[in-house]
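Residue-level listing of the chains:
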Amino acid sequence: RSLTHAVLGLLGVVSIVIARSARLLSCFGARGFEAYLMVITCLVVVLTTLQHPWYLVKALSTSSPEEVIVDTIDWTDDKLMLMLDIWLTGCHLMLPIRWVFLWPMEVAAILLYT
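An account of the accompanying structure is given in this report. Owing to the predicted nature of the structure, the values given are computational and were not obtained by experimental measurement.

## A look at helix H5 (residues 78-94)
Next, step 1: With 17 residues, H5 extends 24 Å between its outermost C-alpha atoms, agreeing within 8% with the 24 Å of an ideal straight helix rising 1.5 Å per residue.
Next, step 2: Among the residues of H5, Leu80, Leu84, Leu88 and Cys91 are the ones counted as buried. The buried residues of H5 all sit within an arc of 65 degrees when viewed along its axis, so they share a single face. In H5, the exposed positions angled more than 90 degrees off the buried face are occupied by Lys79, Leu82, Ile86, Leu93 and Met94.
Next, step 3: Looking at the packing, one finds that the buried side of H5 touches helix H2 (22-50), helix H3 (53-60) and helix H6 (103-113).

Here it is in structure tokens:
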């Protein structure tokens, strides 16, 4: 989890620097900045989903999660669903970009969850 937080923190700092710098923002342009935000939002969905042990084993192993994970862990994914829903809704409401740039994030959330 600490690697995930470090990556997201670094991307957050880079995003703030780009958004605050008129010179860097002009290099990216509006479409480039929207594409960059789309990549970051999709990366957050992927990293959030892979923090759940069940989906991590399901994504990276050919074995069944029941065989690999033997600890007694809370297997409910209600927290994961809530985090994904909050992230998707927040991105749609707070990011000043067009909806067409956010649909890959929605597709990634659905495909990673299933």
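## Re the side chain of Thr41
Next, step 1: By secondary structure assignment, the location of Thr41 is in helix H2.
Next, step 2: Once you skip the residues sitting within four places of it in the chain, Thr41 turns out to touch Trp87, Cys91, Leu95, Leu102 and Met105.

## Re the packing of H2 against H6
Next, step 1: Direction vectors running N to C along H2 and H6 enclose 15 degrees, while the axes themselves pass 9 Å from each other. The orientation of H2 with respect to H6, classified from their angle, is roughly parallel. H6 is crossed by H2, and the crossing has right-handed handedness. Contacts from Met38, Thr41, Cys42, Val45, Val46 and Thr49 in H2 reach Pro104, Met105, Ala108, Ala109 and Leu112 in H6.
Next, step 2: Of the residues belonging to the contact of H2 with H6, the class tally is 9 nonpolar, 2 polar and no charged.

## Digging into the environment of Phe33
Next, step 1: Of note, Phe33 is situated in helix H2.
Next, step 2: Once the C-alpha coordinates of Phe33 and Ile18 are considered, the two residues, 15 residues apart in sequence, prove to be 8.5 Å apart.
Next, step 3: Excluding anything up to four places from it in sequence, Phe33 contacts Ser15, Ile18, Ala19, Leu25 and Phe28.

## As for the nonpolar core
Next, step 1: Counting residues in each nonpolar core, the largest one holds 20 residues, and the members touching the most others are Phe33, Tyr36, Val45, Ile97 and Met105.
Next, step 2: Elements with a minimum of two residues in this core: H2, H5 and H6.
Next, step 3: With 8 residues, H2 is the single largest residue contributor to this core.
Next, step 4: If we ignore the near neighbours within four places in the chain, the residues touching Met105 are Thr41, Cys42, Val45, Trp87, Leu88, Cys91 and His92.

## Some details on the state of the cysteines
Next, step 1: All chains considered together, the criterion is met by 0 disulfides.
Next, step 2: Between Cys42, a free cysteine, and Cys91, which holds the nearest cysteine sulfur, the sulfur-to-sulfur gap is 9.3 Å.
Next, step 3: The exposure class assigned to Cys42 is buried, which follows from its relative accessible area of 15%.
Next, step 4: Judged by relative accessible area, which is 4%, Cys91 ranks as buried.

Analysis parameters
- By convention here, each chain's residues receive numbers from 1 onward along its written sequence.
- Note on the predicted model: pLDDT of at least 70 is required for a residue's local features to be given, and 80 or more for side-chain atom pairs to be given and counted; whole-chain, interface and lining totals, by contrast, use all residues.
- The side-chain values count all of the structure's non-hydrogen atoms but skip hydrogen atoms and water molecules.
- Starting at the N terminus, helices and strands are each numbered in turn, a helix being any DSSP run of H or I of at least four residues and a strand any DSSP run of E of at least two.
- Given the number of residues in a helix, its expected span is that number minus one, multiplied by 1.5 Å.
- A simple rule labels every residue: compare its accessible area, found with a 1.4 Å probe on the protein chains alone, to the largest value its type can have, and call it buried under 20%, exposed over 50%, or partly exposed in between.
- An arc is given here, and it is the one of the directions from the helix axis to the C-beta atoms.
- The contact rule is simple, with two residues in contact once any of their heavy atoms fall within 4.5 Å.
- The axes are straight lines fitted to the C-alpha atoms, using for helices just the contacting stretch, and the angles between their N-to-C directions are given from 0 to 180°.
- To sort the angles, those under 35 degrees are grouped as roughly parallel, those over 145 as roughly antiparallel, those from 65 to 115 as roughly perpendicular, and the leftovers as oblique.
- For any helix crossing, the convention is left-handed if the near helix is rotated counterclockwise from the far helix by under a right angle, and right-handed if that rotation is clockwise.
- Classification used: nonpolar for Ala, Val, Leu, Ile, Met, Phe, Trp, Tyr, Cys and Pro, charged for Asp, Glu, Lys and Arg, polar for all others including Gly.
- Side-chain atoms within 4.5 Å are what join buried Ala, Val, Leu, Ile, Met, Phe, Trp, Tyr and Cys residues into a set we call a nonpolar core.
- For this text, the term disulfide refers to a pair of cysteine sulfurs within 2.5 Å.

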